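What follows is the residue order along each chain.
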Amino acid sequence: MVVLNRIYTRTGDKGTTALAAGGRRPKYDLRIEAYGTVDETNACIGLVRLHTSGQEIDAMLGRIQNDLFDLGADLATVETDKPLPYEPLRITQGQVDRLEQEIDRLNAELSVLRSFVLPGGTPAAAALHLARTVCRRAERHVVELMERPDEKVSPESVKYLNRLSDFLFVASRYVNDKGALDVLWVPGQNR
């Protein structure tokens, strides 16, 4: 369990931050950027939830917020050959599967999509689109990190972010009156 009894530590005053299993990295390090962008995605979802209170989708978003903390812990705990004194928290295939099930559940009720969707419609939908774009940025950072030969990233982390951005898109349509309030792209409309 995490205990936070003091918020400022001054340990980052020289531009570094601690990883979960020890060691320090510059605050601009790609791993820090990756889990920082996961945290930003979580904050965006918190804003979405201001508009979804009492709705079925709010419980889904609450579970996702918890998962994103798991993902941040996963990314902050670098795999090494040395055993840790605790079992590191990792994203699981079960979390990915749950997202897929929720995507399928919501998508089954949506109207057929005949064009790309512009971010907008209801306030919840606009906020979900913002969360989706931040999630995609997090995914790009994690994939880049995964490609580095000196870094290890669980494949489930990438899968989770990929499914999450899909979920956020489907959820944006769902809160837009199941697609009826979607704002559709009209190619070349303003030529």
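Taken as a whole, this structure holds zero disulfides when the rule is applied. Free of any disulfide, Cys44 has its nearest cysteine sulfur in Cys135, 9.9 Å distant. On the basis of relative accessible area, Cys44 is assigned to the buried category, the value being 10%.

A few words on the side chain of Glu151. Checked against the element boundaries, Glu151 lands in the loop between α4 (123–147) and α5 (155–175). Judged by its relative accessible area of 9%, Glu151 is buried. Among the polar contacts made by the side chain of Glu151, one reaches the side chain of Arg31 at a distance of 2.8 Å.

With a phi angle near 55°, Asp177 is a residue other than glycine that sits in the positive phi range. Checked against the element boundaries, Asp177 lands in the loop between α5 and β4 (183–184).

The next thing to look at is the environment of Leu71. Note that Leu71 resides in helix α2 (residues 56–76). Relative accessible area serves as the criterion here: at 0%, Leu71 is assigned to the buried category. Spatially, the C-alpha atom of Leu71 lies 16 Å from that of Met60, the residues being eleven residues apart in sequence. Setting aside its immediate chain neighbours within four residues, Leu71 contacts Val38, Ile91, Ser157, Tyr160 and Leu161.

A complete count under the given rule lists one cavity of 30 Å³ or more for this structure. Space inside the largest cavity adds up to approximately 50 Å³. In terms of lining residues, the largest cavity is bounded by Arg31, Asp74, Leu75, Thr77, Val78, Glu79, Arg90, Lys152, Val153 and Ser154. Of the residues contributing to the lining of the largest cavity, the split by class is three nonpolar, two polar and five charged.

So, about the packing of α2 against helix α3 (residues 93–107). Direction vectors running N to C along α2 and α3 enclose 155°, while the axes themselves pass 12 Å from each other. The orientation of α2 with respect to α3, classified from their angle, is roughly antiparallel. Taken as a pair, α2 and α3 cross one another with a handedness that is left-handed. Contacts between α2 and α3 involve Glu56, Ile57, Met60, Arg63, Ile64, Asp67 and Asp70 on the former and, on the latter, Gln95, Arg98, Leu99, Glu102, Arg105 and Leu106. Class assignment of the residues belonging to the contact of α2 with α3 gives a composition of five nonpolar, one polar and seven charged.

What counts and what doesn't
- Residues numbered from 1 in each chain as written.
- Predicted model: local features only at pLDDT ≥ 70, side-chain atom pairs only at ≥ 80, totals over all residues.
- Heavy atoms only, no water.
- Disulfide = S-S within 2.5 Å.
- Buried < 20%, exposed > 50% of the residue type's maximum accessible area, 1.4 Å probe, protein only.
- Helix = DSSP H or I, 4+ residues; strand = E, 2+ residues; numbered from the N terminus.
- Polar contact = N/O pair within 3.5 Å; in protein donor to acceptor, adjacent residues only side chain to side chain.
- Contact = heavy atoms within 4.5 Å.
- 1 Å grid on protein atoms, 1.4 Å probe; cavity = no way out; pocket = protein on both sides within 12 Å on 5 of 7 lines; lining within 4 Å.
- Points joined across faces, edges and corners; volume = space filled by probe spheres on them.
- Nonpolar A, V, L, I, M, F, W, Y, C, P; charged D, E, K, R; others polar.
- Axes fitted to C-alpha atoms, helices over the stretch in contact; angles between N-to-C directions.
- Parallel < 35°, antiparallel > 145°, perpendicular 65-115°, else oblique.
- Left-handed = near helix turned anticlockwise from the far one by under 90°.

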